[in-house]
Amino acid sequence: PSLSYDLITRLGEGESEWAFAGGLGLEAGPGGAARARFGAGISLDSDGNAGPVGSAGFELRPGEVAALRASVAYRAAFDGPGLEASAADPYRSAPVEGRADARFLAGVEAMWIARPLELSFGELVIIEKPELGAYVDFSGARRAEGGAFGTRLTVGAGASAGFSIMGLAPMVASAFAGAATDGSGWVFGVRAGRSFE
């Protein structure tokens, strides 16, 4: 089972926004070399939207030298004015704008697991499992007001690594840079965690 709750409050403004999602998920794989995950559920938000959510992902690590990953996600609003793009969406560019009856996200990445770049500074700071590679992300939205199905494709490069201080559990951070193929511009970002975990 899975539950999530997001609350967004803007300083200086009285109103808050919230979103709740719950459902079931499954993760399986023959070990560290491959794994797959699936999830399905329902979501509600403060705008009055309600509908299904789903996601799936796959990871393959041939020889622990490379990581090949793919992920898809879906959100729909059967009731309500339509879904806005969320900052929590795993899309590495500006999403398709406007309210939508349904939103689709997909991404693939090919990463080199750069073991030669692992570093240790006197066991005080350890950099482990660095990854470098390229990605392609897709965002699509069926607009609530009708009209054409909006899409955006972004191509870019990314890097991630785990950072551990004095033996504590590692914190994973990732950075990426890319450009949307529709001419909407460049994107640069830093996130906690790897994009596909």
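Below, the structure is looked at part by part. (Residues numbered from 1 in each chain as written. Predicted model: local features only at pLDDT ≥ 70, side-chain atom pairs only at ≥ 80, totals over all residues. Heavy atoms only, no water.)

## A closer look at the pattern of salt bridges
Opposite charge on two side chains allows them to pair when their charged atoms are near. Summed over the entire model, instances satisfying the criterion amount to 17 salt bridges. A salt bridge links arginine 75 to aspartate 89; the shortest N-O distance between them is 3.3 Å. With a gap of 14 residues between them, arginine 75 in strand E5 (residues 66–76) and aspartate 89 in the loop between E5 and strand E6 (100–113) connect regions that are remote in the sequence. Its salt-bridge partner being arginine 152, residue aspartate 182 comes within 2.8 Å of it at the nearest N-O pair. (Salt bridge = Lys/Arg side-chain N within 4 Å of Asp/Glu carboxyl O. Helix = DSSP H or I, 4+ residues; strand = E, 2+ residues; numbered from the N terminus.)

## Observations regarding a nonpolar patch on the surface
On the surface, a nonpolar cluster with roughly 630 Å² of combined accessible area is contributed by Leu3, Tyr5, Leu7, Trp18, Phe20 and Leu44. Of all the secondary structure elements, the ones that give two or more residues to the nonpolar patch are strand E1 (2–9) and strand E2 (16–31). With three residues, E1 is the largest single contributor of residues to the nonpolar patch. Mapped onto the secondary structure, leucine 7 falls in strand E1. (Patch = residues over 30% accessible without salt bridge, like charges linked within 9 Å, V, L, I, M, F, W, Y side chains within 5 Å. Areas by Shrake-Rupley, 256 points an atom, 1.4 Å probe, with all protein chains shown as cover.)

## Some details on the pairing of strand E3 (residues 34–45)
In this sheet, E3 lies alongside E2 in antiparallel orientation, the contact comprising eleven bridges. When the sheet's bridge partners are listed, phenylalanine 20 is paired in E3 with leucine 44. Here E3 runs beside strand E4 (residues 50–60); their pairing, made up of eleven bridges, is antiparallel. Directly across from arginine 35, in E4, lies its bridge partner glutamate 59. Linkage of E3 to E4, two consecutive antiparallel strands, is achieved through a turn of four residues, within which glycine 48 is found at a positive phi near 95°. (Pairing = 2+ DSSP bridges.)

## Some remarks on the environment of leucine 119
By the element assignment, leucine 119 lies in strand E7 (residues 119–121). Its relative accessible area of 43% is what places leucine 119 among the partly exposed residues. A sequence separation of 44 residues divides leucine 119 from phenylalanine 163, and the C-alpha atoms of the two residues are 9.8 Å apart. (Buried < 20%, exposed > 50% of the residue type's maximum accessible area, 1.4 Å probe, protein only.)

## Some details on the packing of aromatic side chains
One pass over the full model with this rule turns up four aromatic pairs. For the pair tyrosine 74 and phenylalanine 104, a centre-to-centre distance of 5.2 Å together with 40° between the ring planes defines the contact as tilted. One end of the pair, tyrosine 74, is in strand E5; the other, phenylalanine 104, is in strand E6, and 30 residues separate them in sequence. Judged by relative accessible area, which is 30%, tyrosine 74 ranks as partly exposed. Judged by its relative accessible area of 29%, phenylalanine 104 is partly exposed. Consider the rings of phenylalanine 104 and phenylalanine 149, whose centres lie 5.8 Å apart with planes at 50°: the pair is tilted. Within this pair, whereas phenylalanine 104 is found in strand E6, its partner phenylalanine 149 is found in strand E9 (residues 149–165), the two being separated by 45 residues in sequence. Overall, phenylalanine 149 belongs to the partly exposed group, its relative accessible area being 39%. Joined through ring pairs, the aromatic side chains of Tyr74, Phe104 and Phe149 make up one cluster. Across the ring face of tyrosine 135, the terminal group of arginine 92 is positioned such that the distance to the ring centre comes to 3.9 Å. (Phe/Tyr/Trp six-rings, centres within 6.5 Å; stacked < 30°, edge-to-face > 60°. Lys NZ or Arg CZ within 6 Å of the ring centre and 35° of its normal.)

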